[in-house]
Amino acid sequence: MTWFENVNKIKYEGPQSKNNLAFKFYNPEEVINGKTMEEYLRYGVAYWHTFTADLSDPFGSGTAIRGWDKFDGMDRAKARVEAAFEFFEKIGAKYFCFHDVDIAPEGETLSESNKNQDVIVAMIKEYMKDSDVKLLWNTANNFTNPRFVHGAASSSNADVFAYSAAKVKKQLEIGKELGGENYVFWGGREGYETLLNTDLGLEQDNLARFFQMAVDYAKEIGFDAQFLIEPKPKEPSTHQYDFDSQSTHAFLLKYGLVDHFKLNIEANHATLAGHTFEHELRYARVNGLLGSVDANQGDPLLGWDTDEFPADIYSTTLAMYEIIKNGGLGSGGLNFDAKVRRGSFDPEDLFHAHIAGMDHFAVGYKVASKLVEDNVFENIIDERYASYKEGIGKDIVEGKADFKSLEEYALGLKEIKNKSGRLEVIKATINQYLLTAYAGEL
Ligand code: XLS
Ligand code: NI
Ligand code: NI
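Values in this document were obtained by computation on a predicted structure and should not be read as measured data.

Enquirer: How should the coordination of the nickel ion (ligand 3) be read in this particular structure?
Expert: Four donors placed tetrahedrally about a metal ideally form angles of 109.5 degrees, and six donors placed octahedrally ideally form angles of 90 or 180 degrees. Ligation of the nickel ion (ligand 3) by protein atoms is provided by Glu 266 (OE), His 269 (NE2) and Asp 305 (OD), these donors lying 2.1 to 2.3 Å from the ion. Along the chain, the residues donating to the nickel ion (ligand 3) are arranged with the sequence spacing E-x2-H-x35-D. A separation of 3.7 Å is found between the nickel ion (ligand 3) and the nickel ion (ligand 2), both of which receive a donor from Glu 266. With Glu 266 in strand 12 (residues 261-266) and Asp 305 in the loop between strand 13 (290-294) and helix 11 (313-325), this residue pair connects regions lying 39 residues apart in the sequence. For Asp 305, a relative accessible area of 10% gives the class buried.

Here is the structure:
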């Protein structure tokens, strides 16, 4: 049985290839800094966008042509597992991610939903035995069903808090069963629409209680995956509590949870928060919180999470720079939380899109490796902050200065000389690296 009969295993053919079903830049076997690209980049496929979604949008129904849609219910869920493993094998991604509801339909009751999960998880486990594909992370979808209308752990209704806890408990057990390397919390509706009916203090305290219970339960069952919170500023809630990496960090510090969590940074969420992707990665990195990445991109003209496949090599270069400086992603990976456009409805488009995403991060990785090797940014920054290496600046960073000594120093200053930030030349340098990275091969 094959679900993608028009596609064979995707191979690397190099920058000159005209084959839409081949990698141009991602060469899984190529060794960079002592590791193959495949080992380092840890690409993941998002189950929801690739196998579950039908490409509907708020104005139109689904357009996707998917062989498994001829079935319903559990039969469709089983067909999706077959298709998924065929896809992983053909595209050569070594990881996947899912929400509970992506893999199996919800039942009439919680216990029926759990039974459906058990059947599909057992099937996934069998497939995993025969493949080298691993679970990057799983998560509970505590936002789609109407019961989550007022949130999950931050709901005004304690019954919903309890129900949400039961769903996460189940997913922690499943994560353990499938050897998941991380576990993600994205607070889809953990936020509020208006303060006029919201107890913001209680909601945040409850959210923290919920996270603590998850930490405790994972420990109890011996599930040692890295816990990740995925910040997003809005959508579906008007105000989401895990707004961005910095506010999520403050939340984790306030509630004493910071040692148990890292962050899953999504490019499109960064831009929705009014940041660049690299800002979110940098903030997480310098605070020891960079855990994993949802690799996608938004449309600069649209103010919502369009989840496009990454195509901006400037952005993937700066992102890979952060990842290299982080020493890699550890147990994390690059999960394509991205969907083909509604007009790209053929099954082959799923391959084209993943190939493009994998190629664009591979380009970013190569260029960023070269930038790091040549200390391009390091030299710029060392020079820019040189005043803190000696004299008064050294005293400041070593804690030897106070307002009195600084006033004395300032009174003695004849003039203050600033240096140019040289932004134009820096941008030109990055472009020079981007344009020449493959010069030898083209
Ligand atoms: C939605 C989020 C979601 C998470 C997982 O915007 O990106 O897909 O990655 O719940
Ligand atoms: Ni995401
Ligand atoms: Ni998203």
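Text resumes after the structure shown.
Enquirer: Please explain the sheet that holds strand 8 (residues 182-185) as it appears in this structure.
Expert: Working definition: the strands of a sheet are paired by backbone hydrogen bonds and lie parallel or antiparallel to each other. Reading around the barrel, the eight strands line up as 5-6-7-8-10-12-13-14 and close back on themselves, with parallel pairing between neighbours. Along the sheet, successive strands turn relative to each other by an average axial angle of 30°, direction set aside. Pairing of strand 5 (residues 43-46) with strand 6 (residues 95-99) involves three bridges; the strand directions are parallel. Within the sheet, the bridge partner assigned to Ala 46 lies in strand 6 and is Cys 97.

Enquirer: Would you mind showing me how to read a nonpolar patch on the surface here?
Expert: Nonpolar side chains collect at one region of the surface, where Ile 381, Tyr 385, Tyr 388, Ile 396 and Val 397 lie side by side and expose about 470 Å² of accessible area between them. With respect to the element layout, Ile 381 can be found in helix 13 (residues 376-384). Using a relative accessible area of 39% as the deciding quantity, one classes Ile 381 as partly exposed.

Enquirer: What exactly am I supposed to notice about the coordination of the nickel ion (ligand 2) here?
Expert: Here the nickel ion (ligand 2) is held by Glu 230 (OE), Glu 266 (OE), Asp 294 (OD) and Asp 337 (OD), and the distances to it run 2.0 to 2.1 Å. Classification of the site at the nickel ion (ligand 2) rests on its six donor atoms, whose angles at the metal span 82 to 175°, yielding the label octahedral. Counting the intervening residues between successive donors of the nickel ion (ligand 2) yields the motif E-x35-E-x27-D-x42-D.

Enquirer: Before we go on, may I ask you to explain the packing of helix 6 (residues 158-177) against helix 7 (residues 200-221) in this structure?
Expert: When two helices pack together, their arrangement is given by the angle between their axes and by how far apart the axes lie. One can describe the packing of helix 6 onto helix 7 by two numbers: an axis separation of 10 Å at closest approach and a directional angle of 30°. Taken together, the axes of helix 6 and helix 7 are roughly parallel relative to one another. Along this stretch, helix 6 crosses helix 7, giving a crossing that reads as right-handed. Packed against helix 6, whose contacting residues are Phe 161, Ser 164, Ala 165, Val 168, Lys 169, Leu 172, Glu 173 and Lys 176, the element helix 7 presents Asn 206, Phe 210, Met 213, Ala 214, Tyr 217, Ala 218 and Ile 221 at the interface. A per-class count over the contact of helix 6 with helix 7 returns 10 nonpolar, two polar and three charged.

Enquirer: Looking at this model, I keep getting lost on the pairing of strand 12. Mind explaining?
Expert: Working note: regular strand, side chains alternate between the two faces of the sheet. Extensive coverage of strand 12 is indicated by the burial of five of its six residues. Here three bridges tie strand 10 (residues 226-229) to strand 12, and the two strands are oriented parallel to one another. Each residue of the ladder has a partner; that of Ile 229, found in strand 12, is Leu 263. Pairing of strand 12 with strand 13, which is carried by four bridges, proceeds in the parallel orientation. Bridging across to strand 13, Asn 264 finds its partner in Ser 292.

What counts and how
- Residues numbered from 1 in each chain as written.
- Chains lettered and ligands numbered in written order.
- Predicted model: local features only at pLDDT ≥ 70, side-chain atom pairs only at ≥ 80, totals over all residues.
- Heavy atoms only, no water.
- Donors = N, O, S within 2.8 Å, 3.2 Å for Na, K, Ca; no water.
- Helix = DSSP H or I, 4+ residues; strand = E, 2+ residues; numbered from the N terminus.
- Buried < 20%, exposed > 50% of the residue type's maximum accessible area, 1.4 Å probe, protein only.
- Pairing = 2+ DSSP bridges.
- Axes fitted to C-alpha atoms, helices over the stretch in contact; angles between N-to-C directions.
- Patch = residues over 30% accessible without salt bridge, like charges linked within 9 Å, V, L, I, M, F, W, Y side chains within 5 Å.
- Areas by Shrake-Rupley, 256 points an atom, 1.4 Å probe, with all protein chains shown as cover.
- Salt bridge = Lys/Arg side-chain N within 4 Å of Asp/Glu carboxyl O.
- Tetrahedral: all angles 85-135°; square planar, octahedral: opposite > 155°, others 65-115°.
- Parallel < 35°, antiparallel > 145°, perpendicular 65-115°, else oblique.
- Left-handed = near helix turned anticlockwise from the far one by under 90°.
- Contact = heavy atoms within 4.5 Å.
- Nonpolar A, V, L, I, M, F, W, Y, C, P; charged D, E, K, R; others polar.

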